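Single-letter residue listing:
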Amino acid sequence: QVQLVESGGGLVQAGGSLRLSCAASGTIFSINAMGWYRQAPGKQRDLVATITRGRITNYADSVQGRFTISRDNAKNTVYLQMNSLKPEDTAVYFCNAGGVRLYGGMWYNDVWGQGTQVTVSS
């Protein structure tokens with residue numbers, strides 16, 4: 001079994017910064033892609049940023065230039081540095097791991113974290 005544990009969410013004023021972390025636990029051999037998604041009240045869950053094992057990144061237009069995604073493959077951890085936060089960034093942020101392979105050959109297409117609340121005040 002594999003679990004994603006997120007940390008770093010909280011309350012911040014507009015213009016401030018937060019860094020989210022997500023560590024995948026388990027007997028993990030490799031993870032193809034990791035990413036962050038967010039869901040605001042009454043809205044669908046949308047992509048924020050993704051990063052492949054080879055560190056190819058993709059960002060939503062709304063966060064381009066403000067957020068930076070990174071990963072530590074040795075620690076199976078993905079980070080999201082969020083700068084210049086806006087009230088529109090307020091949402092529950094979910095960590096995702098795609099293409100997770102465990103020692104022994106078990107494979108998971110998608111694994112989701114529990115979500116962490118990010119609230120940006122005006």
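The structure under discussion appears in the preceding block.
The following paragraphs examine the structure supplied in this document. (Residues numbered from 1 in each chain as written. Predicted model: local features only at pLDDT ≥ 70, side-chain atom pairs only at ≥ 80, totals over all residues. Heavy atoms only, no water.)

## Observations concerning the overall build of the chain
Part 1 of the argument: Helix and strand counts for the chain stand at zero helices and 11 strands.
Part 2 of the argument: Going from the N terminus to the C terminus, the chain shows its helices and strands as β-β-β-β-β-β-β-β-β-β-β.
Part 3 of the argument: Taking 2.2 N^0.38 as the reference for a compact globule, 122 residues should give roughly 14 Å; the C-alpha atoms of the chain span a radius of gyration of 14 Å, in line with that estimate.
Part 4 of the argument: Principal axes of the C-alpha set define a box for the chain whose edges measure 50 × 25 × 20 Å.
Part 5 of the argument: The proportion of buried residues among the 122 residues of the chain is 45%.
Part 6 of the argument: Nonlocal contacts in the chain, meaning residues at least 24 apart in sequence, comprise 54% of its contacts between residues at least 6 apart. (Helix = DSSP H or I, 4+ residues; strand = E, 2+ residues; numbered from the N terminus. Rg over C-alpha atoms; globule rule 2.2 N^0.38 Å. Buried < 20%, exposed > 50% of the residue type's maximum accessible area, 1.4 Å probe, protein only. Contact = heavy atoms within 4.5 Å.)

## Describing the nonpolar core
As a rule of thumb, nonpolar side chains are buried together in soluble globular proteins.
Part 1 of the argument: In terms of nonpolar packing, the biggest core is built from 33 residues, with Trp-36, Leu-80, Met-82 and Tyr-93 touching the most fellow members.
Part 2 of the argument: Sorting the residues of this core by element identifies strand S3 (18-25), strand S4 (28-39), strand S5 (46-52), strand S7 (67-72), strand S8 (77-82), strand S9 (91-102) and strand S11 (116-121) as the ones contributing at least two each.
Part 3 of the argument: With six residues, S9 is the largest single contributor of residues to this core.
Part 4 of the argument: Sequence-distant contacts of Tyr-93, that is, excluding residues within four places in its chain, are made with Glu-6, Leu-20, Trp-36, Tyr-37, Arg-38, Val-48, Phe-67, Leu-80, Met-82, Gly-115, Thr-116 and Val-118. (Core = buried A, V, L, I, M, F, W, Y, C linked by side-chain atoms within 4.5 Å.)

## A short note on the pairing of strand S10 (residues 107-112)
Part 1 of the argument: As judged from the five bridges shared by S9 and S10, these two strands associate in the antiparallel manner. Bridging from a neighbouring strand, Arg-101 pairs with Trp-107 of S10.
Part 2 of the argument: The antiparallel pairing of S9 with S10 creates a hairpin that spans four residues between the two strands, and Gly-104 there sits at a positive phi of about 100 degrees. (Pairing = 2+ DSSP bridges.)

## Let's talk about the packing of aromatic side chains
Part 1 of the argument: Scanning all chains against the criterion turns up two aromatic pairs.
Part 2 of the argument: Between the aromatic rings of Tyr-37 and Trp-112, the centroid separation amounts to 5.1 Å while the plane-to-plane angle is 65 degrees, which identifies the pairing as edge-to-face. Pair noted here: Tyr-37 is in strand S4 and Trp-112 is in strand S10, with a separation of 75 residues, a long-range link.
Part 3 of the argument: The exposure class assigned to Tyr-37 is buried, which follows from its relative accessible area of 18%.
Part 4 of the argument: The lysine or arginine in question, Arg-45, covers the ring of Phe-94, its NZ or CZ lying 3.6 Å from the ring centre. (Phe/Tyr/Trp six-rings, centres within 6.5 Å; stacked < 30°, edge-to-face > 60°. Lys NZ or Arg CZ within 6 Å of the ring centre and 35° of its normal.)

## Quick notes on the sheet that holds S3
Part 1 of the argument: Strand order in this open sheet of four strands is S1-S3-S8-S7, and the pairing throughout is antiparallel. Across the chains shown, the open sheet's two edge strands, defined by having one partner strand only, are strand S1 (3-7) and S7. Neighbour-to-neighbour, the strand axes of the sheet open up by a mean angle of 15 degrees, direction not taken into account.
Part 2 of the argument: When S1 meets S3, the two strands line up antiparallel, connected through five bridges. Across the sheet, residue Ser-7 finds its bridge partner in S3, namely Ser-21. (Axes fitted to C-alpha atoms, helices over the stretch in contact; angles between N-to-C directions.)

## A few points about the side chain of Arg-71
Part 1 of the argument: As for its position among the elements, Arg-71 is in strand S7.
Part 2 of the argument: With no salt bridge to any partner, buried Arg-71 finds its closest opposite charge in Asp-72, at an N-O distance of 8.0 Å.
Part 3 of the argument: A distance of 2.9 Å separates the side chain of Arg-71 from the backbone oxygen of Ile-31, its partner in a polar contact.
Part 4 of the argument: Residues in contact with Arg-71, not counting those within four places in the same chain, are Ile-31, Asn-32, Ala-33, Met-34, Ile-51, Thr-52, Arg-53, Arg-55, Thr-77, Val-78 and Tyr-79. (Lys, Arg positive; Asp, Glu negative; His and termini not counted. Salt bridge = Lys/Arg side-chain N within 4 Å of Asp/Glu carboxyl O. Polar contact = N/O pair within 3.5 Å; in protein donor to acceptor, adjacent residues only side chain to side chain.)

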